[in-house]
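A closer look at the structure
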Amino acid sequence: DRMLDMTIMLGVIPGRFKPCAADSPLERYFSLARGDVKRNIAALEMTKWFDTNYHYLVPEIYGNEEFRLACNPVLEEALLAKKLGFSPKPAIIGPFTWLALAKAQNGADKWASLDAVVSVYRELLSSLDAECDYIQIDEPVLCTELLPKAVSGRFGAVYADLNSCCSRAKLMLATYFGPVPQDIELTASSCSVLHIDLV
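Everything numeric here is computed off the predicted structure, so don't read it as measured data.

How each quantity is defined
Residues numbered from 1 in each chain as written. Predicted model: local features only at pLDDT ≥ 70, side-chain atom pairs only at ≥ 80, totals over all residues. Heavy atoms only, no water. Helix = DSSP H or I, 4+ residues; strand = E, 2+ residues; numbered from the N terminus. Buried < 20%, exposed > 50% of the residue type's maximum accessible area, 1.4 Å probe, protein only. Contact = heavy atoms within 4.5 Å. Areas by Shrake-Rupley, 256 points an atom, 1.4 Å probe, with all protein chains shown as cover. Lys, Arg positive; Asp, Glu negative; His and termini not counted. Charge placed at Lys NZ, Arg CZ, Asp CG, Glu CD. 1 Å grid on protein atoms, 1.4 Å probe; cavity = no way out; pocket = protein on both sides within 12 Å on 5 of 7 lines; lining within 4 Å. Points joined across faces, edges and corners; volume = space filled by probe spheres on them. Nonpolar A, V, L, I, M, F, W, Y, C, P; charged D, E, K, R; others polar. Phe/Tyr/Trp six-rings, centres within 6.5 Å; stacked < 30°, edge-to-face > 60°.

Let us look at the overall build of the chain. What the chain contains, in helices and strands, is 7 helices and 8 strands. Counting over 199 residues, the chain shows a buried share of 47%. The long-range share in the chain, meaning contacts at least 24 apart out of those at least 6 apart in sequence, stands at 72%. Looking at the chain as shown, the accessible area adds up to about 10400 Å², and 53% of this sits on carbon and sulfur atoms. Each charge class in the chain can be summarised by its mean position, and for the 19 positive and 25 negative side chains these summaries are 4 Å apart.

Here the largest pocket defines a volume of roughly 690 Å³. Lining the largest pocket are 24 residues, and of these Gly 11, Val 12, Ile 13, Arg 28 and Arg 68 lie nearest its centre. Of all elements in the fold, only helix H1 (2–9) and helix H2 (25–34) reach the threshold of two or more residues within the lining of the largest pocket. For the lining of the largest pocket, the leading source of residues is H2, giving 4 residues. Looking at the lining of the largest pocket residue by residue, the classes come out as 14 nonpolar, 3 polar and 7 charged. Elements that contribute at least two residues to the lining of the second largest pocket include exactly H1, helix H3 (73–83) and strand S4 (91–93).

Now for the packing of aromatic side chains. Within the structure shown, the criterion is met by 8 aromatic pairs. Taken together, a centroid distance of 4.8 Å and an interplanar angle of 85° make the contact between Tyr 176 and Phe 177 edge-to-face. Under the relative-accessibility criterion, Phe 177 is labelled partly exposed at 35%. Clustering of aromatic rings is evident, with ring pairs tying together Trp 49, Phe 50, Tyr 56, Tyr 176 and Phe 177.

Keep in mind these values describe shape, not function.
So this is what it looks like as structure tokens:
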């Protein structure tokens, strides 16, 4: 689950999973996805990925998170691909989509975390820069009405900032599932490649 992958990378595992801290990464991953019956821990909520039949695990935002790059499997996989003679092109869920699809808990303002989330993305992209020619960032949320006006107005500046983390790799911005509203400045993003659905 790419959303769960990003949740774990951002280090925002809900507090109820603390008893799973000593488990192996794979066991903890399954606890988040399926719950832990023995410890009576409920799994993350599962819901549909936009208008598809695929489901994803919903991140939870409580407002007291300390976002950090808790692990970096994307870099590990990129290094492995290079070792095997391939040119890796990672594809990751973008910060706007991850936050838009997260569920705010106890009245938290999830968009107040945007800068902290972007800071982790900066670190992630910097780690990948020397290893990749291209890095794809998926932002399907741009084709929806899930972004508040104040947030969508920051899109170009945030992506220009993310592009500045890469001196070698080129960022590919991908949207899908529909047209992008005209008020979102994709061209201001500084991304080298833009992928849009021609619908």
